[in-house]
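Understanding the architecture of this molecule
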Amino acid sequence: MTRSSLLTPLTESRVWRSFFRHGLPDNPLDRSLVMTTNIFFHLHPVKVSRPSLRWSYSFGLGIISAILFALLVWSGLLLMFYYAPTIERAYPTMKDIQMTVPLGQFTRNMHRWAAHAMVLAVILHMARVFYTGAFKPPREFNWIVGVVLLLLTLGASFTGYLLPWDQLAYWAITVGTNIASYAPVAGPMMRELLLGGTEVGQNSLLRFYTLHVAILPLLIGLLVSLHIWRVRKDGGLAARRNSEVK
Ligand code: HEM
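Residue positions are counted from 1 within each chain, in the order its sequence is given. Note on the predicted model: pLDDT of at least 70 is required for a residue's local features to be given, and 80 or more for side-chain atom pairs to be given and counted; whole-chain, interface and lining totals, by contrast, use all residues. Working from all heavy atoms in the structure, the side-chain values ignore hydrogens and water.

1. Comments concerning the environment of S56
Stated precisely, the cut-off is as follows: A run of H or I in DSSP counts as a helix once it spans at least four residues, and a run of E counts as a strand once it spans at least two, with each numbered from the N terminus. A 1.4 Å probe rolled over the protein chains alone gives each residue an accessible area, and that area as a share of the maximum for its type sets the label: buried under 20%, exposed over 50%, partly exposed in between.
Looking at where S56 falls in the secondary structure, it is placed in helix α4 (residues 55–58). Classification of S56 by relative accessible area gives partly exposed; the value is 41%.

Structure, rendered in structure tokens:
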């Protein structure tokens, strides 16, 4: 008696069927059902090319970027319990987080390092996509979504820089927004819009805070969902030409 014929009564039982809506994946139909009835597997298309599944094809850089984003949202939420976005309290509350809040130093470092790592991971992911030619049709739209994600990631990193309200933050934002003001036509307006005035002050801190904790993460979250959904709809990662479809 074969293994699958021994297991058949089990896979046809009501208990099995209430958990898994398919039999053993030993035929094309059940293999497809395994993918479409599982919330995690469902992120992949039913059929993907074998070479694109190799670790060295993508180095998991897209997924690493998404995980780092989730870590940033989580650690950022914890920091929000203590941080106050006013010019009198921002620096002292940041120091409190580092020195008195239980696990505060750890949470702050996690947020900082994950932010640096996300910028690096997104840039490396973009380079991987470019070198494997994965921006070509039908993936051009996802490439554009990716470019917007890169800009939003850099925006989140830049706006977070001002929040500790120390000398480094103050001068980095002064220099950064001055550079932005040299952009043709819209430059000076962009600087004033970002700073909420003509110089770095309370209005700027509040604007950078709102962008950093609400607007940019929301946009990144929405676009990452669209980006990953698009990967699935485009048939998984770009396959090499003539690669076998399994
Ligand atoms: C927040 C930033 C980003 C996240 C979380 C993200 C996430 C992902 C994930 C999970 C995948 C599938 C797995 C993988 O390729 O590792 C993917 C694929 C892809 N990403 Fe991104 N990505 C981001 C930024 C970018 C950027 C900056 C670009 C390019 C400008 C880009 C373009 C693409 C394209 C074209 C694909 C399809 C690749 C293929 O079919 O081989 N993404 N992304």
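2. Some points on a nonpolar patch on the surface
What counts is decided by this rule: Exposure above 30% relative accessible area and no salt bridge define the residues that can form patches, which grow by joining like charges within 9 Å and nonpolar side chains of Val, Leu, Ile, Met, Phe, Trp and Tyr within 5 Å. All accessibility values rest on the Shrake-Rupley procedure with a 1.4 Å probe; residue burial counts only the protein chains present in the view. Each reported salt bridge corresponds to a side-chain nitrogen of Lys or Arg within 4 Å of a carboxyl oxygen of Asp or Glu.
On the surface, a nonpolar cluster with roughly 550 Å² of combined accessible area is contributed by W55, F59, I63, I64 and I67. If you tally residues by element for the nonpolar patch, the top one is helix α5 (residues 61–80), at 3 residues. Examined against the element boundaries, I67 turns out to sit in helix α5. Residue I67 is classed as exposed on the basis of its relative accessible area of 56%.

3. Some thoughts on the site of the ligand
Here is the rule: Here a residue is considered near a molecule or strand provided that any single heavy atom belonging to it is located within 4 Å of it. Polar contact is the term for a pair of N or O atoms within 3.5 Å; when the atoms are in protein, one must be able to donate a hydrogen and the other to accept it, and sequence-neighboring residues count only if both atoms are side-chain atoms.
Neighbouring residues of the ligand: 27 residues in total, closest H125, R128, R139, H227 and A238. A distance of 2.8 Å separates a nitrogen atom of the ligand from a polar atom in the side chain of H125. A distance of 2.7 Å is found between an oxygen atom of the ligand and a side-chain nitrogen or oxygen belonging to R139. Residue assignment for the shell around the ligand shows that the elements contributing at least two residues are α5, α7 (104–131), α8 (140–162) and α11 (202–233).

4. Here we look at the nonpolar core
Put simply, the test is: Buried residues of nine kinds, namely Ala, Val, Leu, Ile, Met, Phe, Trp, Tyr and Cys, make up a nonpolar core once their side-chain atoms join them within 4.5 Å. In this analysis, two residues are considered to be in contact whenever any of their non-hydrogen atoms come within 4.5 Å of each other.
The biggest cluster of nonpolar side chains holds 15 residues, and the ones touching the most others in it are L68, M118, L149 and I220. For this core, the secondary-structure elements that each account for two or more residues are α5, α7, α8 and α11. Counting residues per element, this core draws most heavily on α8, at 5 residues. For L68, the residues in contact, after removing those within four places along its chain, are A114, A117, M118 and A121. Grouped together as the second largest cluster of nonpolar side chains are 14 residues, L162, L163, W165 and Y209 included.

5. Thoughts on the coordination of the iron atom of the ligand
Put simply, the ideal angle at a metal is 109.5 degrees for four donors in tetrahedral geometry and 90 or 180 degrees for six donors in octahedral geometry. Basically, it comes down to this: Water is not part of the atom set, so a site may look incomplete; the donors themselves are N, O and S atoms within 2.8 Å of the metal, or 3.2 Å for Na, K and Ca. Key to geometry: four donors with every angle between 85 and 135 degrees are tetrahedral; four donors are square planar and six octahedral where opposite donors lie over 155 degrees apart and all remaining angles lie between 65 and 115; all other sites are irregular.
Summarising the metal site, the iron atom of the ligand is bound by the protein donors H125 (NE2) and H227 (NE2), whose distances to it range over 2.0 to 2.1 Å. Bound by 6 donor atoms, the iron atom of the ligand shows angles of 85 to 179° at the metal and therefore octahedral coordination geometry. Within this pair, whereas H125 is found in helix α7, its partner H227 is found in helix α11, the two being separated by 102 residues in sequence. Exposure remark for H125: the relative accessible area of 19% places this residue in the buried category. The class for H227 is buried, based on a relative accessible area of 16%.

6. With respect to the side chain of H212
Relative to the assigned elements, H212 resides in helix α11. A residue is classified by how much of its surface remains accessible, and H212, at 17% relative accessible area, is buried. Separated by 3.2 Å, the side chain of H212 and the backbone nitrogen of G160 make a polar contact. Beyond its immediate sequence surroundings of up to four residues, H212 is in contact with H111, A156, T159, G160, L163 and P217.

7. Thoughts on unusual backbone geometry
Note that the residue after P137, namely P138, is joined by a cis bond; omega there is 5°. Note on placement: P138 falls in the loop between α7 and α8. Of note, F59 is a non-glycine position whose phi angle comes to about 55°, a positive value. Positionally, F59 belongs in the loop between α4 and α5. In this structure F59 comes out as partly exposed when scored by relative accessible area, which is 42%. With a phi angle near 55°, W165 is a residue other than glycine that sits in the positive phi range. By secondary structure assignment, the location of W165 is in the loop between α8 and α9 (167–181).

Honestly, it's all geometry; don't read function into it.
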